Structures are given as structure tokens and as C-alpha cells.
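Single-letter residue listing:
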Amino acid sequence: KANLVALGLDRLLGAIAAIDAKGKLHIFQQHISVGSFDLKLDFNEDAQPSLAIANGGSAIFVSDGHEIVLTDTSGKVKKRQPVHYFIGRMVCSPDGKRLVTSDPETGVIRVYTGDELQPTHQRHALDLLQDAAQLQLIADLPPFNAAPGALAIDDKGNIAFNISGVVCATT
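Reference entry: report on the structure contained in this document. (Residues numbered from 1 in each chain as written. Predicted model: local features only at pLDDT ≥ 70, side-chain atom pairs only at ≥ 80, totals over all residues. Heavy atoms only, no water.)

**A closer look at the overall build of the protein**
Inference 1: On a plain count of helices and strands, the protein comes out with 1 helix and 15 strands.
Inference 2: For the protein, whose C-alpha radius of gyration is 16 Å, the value lies close to the compact-globule estimate of 16 Å for 171 residues.
Inference 3: The proportion of buried residues among the 171 residues of the protein is 47%.
Inference 4: Intrachain contacts of the protein at a sequence separation of at least 6 include 37% that bridge at least 24 residues.
Inference 5: Working note: accessible area of the protein is about 9,300 Å², and carbon and sulfur atoms make up 52% of it.
Inference 6: Counting 15 positive and 19 negative side-chain charges, the protein places the averaged centre of each group 7 Å from the other. (Helix = DSSP H or I, 4+ residues; strand = E, 2+ residues; numbered from the N terminus. Rg over C-alpha atoms; globule rule 2.2 N^0.38 Å. Buried < 20%, exposed > 50% of the residue type's maximum accessible area, 1.4 Å probe, protein only. Contact = heavy atoms within 4.5 Å. Areas by Shrake-Rupley, 256 points an atom, 1.4 Å probe, with all protein chains shown as cover. Lys, Arg positive; Asp, Glu negative; His and termini not counted. Charge placed at Lys NZ, Arg CZ, Asp CG, Glu CD.)

**Points about unusual backbone geometry**
Inference 1: Here L117, not a glycine, exhibits a phi torsion of approximately 55 degrees, which is positive.
Inference 2: With respect to the helices and strands, L117 occurs in the loop between β11 (108-113) and β12 (119-124).
Inference 3: Under the relative-accessibility criterion, L117 is labelled buried at 0%.
Inference 4: At S164, a residue that is not glycine, the phi angle is positive and equals roughly 50 degrees.
Inference 5: Looking at the element boundaries, S164 is found in the loop between β14 (159-163) and β15 (166-170).
Inference 6: A relative accessible area of 46% means that S164 is categorised as partly exposed.

**Some remarks on the sheet that holds β14**
Across a sheet, paired strands are connected by hydrogen bonds in the backbone, their directions being either parallel or antiparallel.
Inference 1: Strand order in the open sheet formed by 3 strands is β13-β14-β15, with antiparallel pairing between adjacent strands. Looking along the sheet, the strands with just one partner apiece sit at the ends: β13 (151-153) and β15. Sheet twist, expressed as the mean angle between neighbouring strand axes with direction ignored, is 15 degrees.
Inference 2: Note: β13 against β14, 3 bridges, orientation antiparallel. Of the residues in β14, the one forming a bridge with I153 is I159. (Pairing = 2+ DSSP bridges. Axes fitted to C-alpha atoms, helices over the stretch in contact; angles between N-to-C directions.)

**A short note on the environment of S74**
Inference 1: For S74, the position within the fold is in the loop between β7 (67-71) and β8 (77-82).
Inference 2: Counting along the chain gives 25 residues from S74 to L99, while the straight-line C-alpha distance between them is 20 Å.
Inference 3: In this structure the side chain of S74 is engaged in a polar contact, spanning 2.7 Å, whose partner is the side chain of D72. (Polar contact = N/O pair within 3.5 Å; in protein donor to acceptor, adjacent residues only side chain to side chain.)

**A short note on the pairing of strand β4 (residues 32-38)**
Along any regular strand the residues' side chains alternate between the sheet's two faces.
Inference 1: With 6 bridges joining them, strand β3 (residues 24-29) and β4 adopt antiparallel strand pairing. Along β4, the bridge assignment pairs L25 with F37.
Inference 2: With antiparallel pairing between neighbouring strands as the criterion, β3 and β4 make up a hairpin whose turn holds 2 residues, including Q30 at a positive phi of roughly 60 degrees.

**Quick notes on the packing of aromatic side chains**
Inference 1: For the coordinates displayed, the defined rule picks out 0 aromatic pairs.
Inference 2: In this structure, R110 packs its charged tip against the face of Y85, placed 3.9 Å from the ring centre. (Phe/Tyr/Trp six-rings, centres within 6.5 Å; stacked < 30°, edge-to-face > 60°. Lys NZ or Arg CZ within 6 Å of the ring centre and 35° of its normal.)

**Observations regarding the sheet that holds strand β10 (residues 98-102)**
Inference 1: Strand order in the open sheet formed by 4 strands is β9-β10-β11-β12, with antiparallel pairing between adjacent strands. The sheet terminates laterally at β9 (89-92) and β12, the two strands that pair on one side only. Strand-to-strand twist of the sheet, defined as the mean angle between neighbouring strand axes without regard to direction, takes the value 15 degrees.
Inference 2: With 5 bridges connecting them, β10 and β11 associate as antiparallel partners. Residue V100 lies in a different strand from β11, and its bridge partner there is V111.

**Some remarks on the environment of A150**
Inference 1: Inspection of the secondary structure puts A150 in the loop between α1 (125-131) and β13.
Inference 2: Separated by 12 residues in sequence, A150 and N162 place their C-alpha atoms 5.6 Å apart.
Inference 3: Apart from residues lying up to four places away in sequence, A150 is in contact with R89, A160, F161 and N162.

Honestly, that's just the spatial picture; any functional story needs more than this.
This is the structure:
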């Protein structure tokens with residue numbers, strides 16, 4: 001019996017991807033098991049497991065907080081990308097062409113290409129918040145050490161996140 005620590009759903013074709021506490025990726029196509037795959041991730045007590053799946057299951061992104069692994073729905077690892085920071089949140093665009101991560105220690109949001117996991121953009125969440133057009137008056141900006149919470153990206157590269165109760169949408 002597997003202790004699942006992260007789950008991703010492909011709403012287009014019904015694929016389900018899950019990571020267990022031992023770092024194995026379990027893939028299901030609706031109710032049929034495709035298989036279990038050891039991604040050799042390090043899920044220690046400090047790990048922040050994350051999983052994101054693109055529509056149609058074209059890409060599955062898995063992280064232990066220190067490395068990003070790109071795999072397909074057959075469990076084949078296409079790319080491994082170690083990172084120099086701790087990954088707090090991780091999401092992909094619906095088409096799988098972009099991956100976004102947040103760093104809870106510095107508040108930096110980073111964007112990667114979905115196919116090669118190459119970094120393309122990075123900014124502090126507070127800088128993005130300050131540059132965004134305010135639709136509602138913000139009494140006080142979040143504290144400098146605040147970490148981004150929820151994170152989302154669409155196929156056009158529009159990013160939304162929240163930080164200390166303030167929601168920001170930007171490109």
C-alpha cells in the first residue's frame with residue numbers, strides 16, 4: 001500500500017499521476033494502472049513533493065523540492081534539472097510548454113520551458129505585485145519575507161499567485 005504525497009490530474013484525457021513517500025511515480029489512465037516508476041528522488045523530512053501534469057498527459061513534472069524531473073505518461077524520464085533553491089510550489093501551463101516554481105525562502109517566481117526545463121524568467125513576487133495594476137487599493141504590501149502561496153499559469157504565459165492574502169495576475 002502506497003502513502004501518496006502528491007497528486008496530479010489530467011482533466012482532458014483522465015490520466016492520474018501520483019507520487020508516493022518513497023519517490024515512486026504511479027500513473028493511471030482513468031482506472032487502469034499504467035505502472036509505477038522509481039524516479040530516484042530524495043524525499044527526506046525536508047522534502048516538498050510537487051507534481052504537475054499537462055492536459056492530455058503530454059508532460060508530467062515531479063519535484064522533491066531540490067530537483068525537477070520531466071517524464072511522459074509511460075514513465076520515461078525525459079529530463080532531470082537540479083535547482084539551487086528550494087521549490088515551494090510548482091505548476092505547469094495546461095499545454096505543458098511552461099513550468100513555474102516558487103521559492104518560499106526568497107519569494108522568487110521562476111519560469112522554465114516545459115520541454116527542456118531551461119529557465120526563461122525569474123522575478124521576486126513582491127516586485128511583480130508592485131508592478132501590477134492595482135484593481136483594489138492595498139493598504140500595506142505583504143512583508144518582504146512573505147512566500148508566494150497558490151500559483152497558476154495559462155498557455156499564454158499569464159501567471160497568477162497569492163502572497164499574504166493579496167492576489168496578483170501578471171505576464
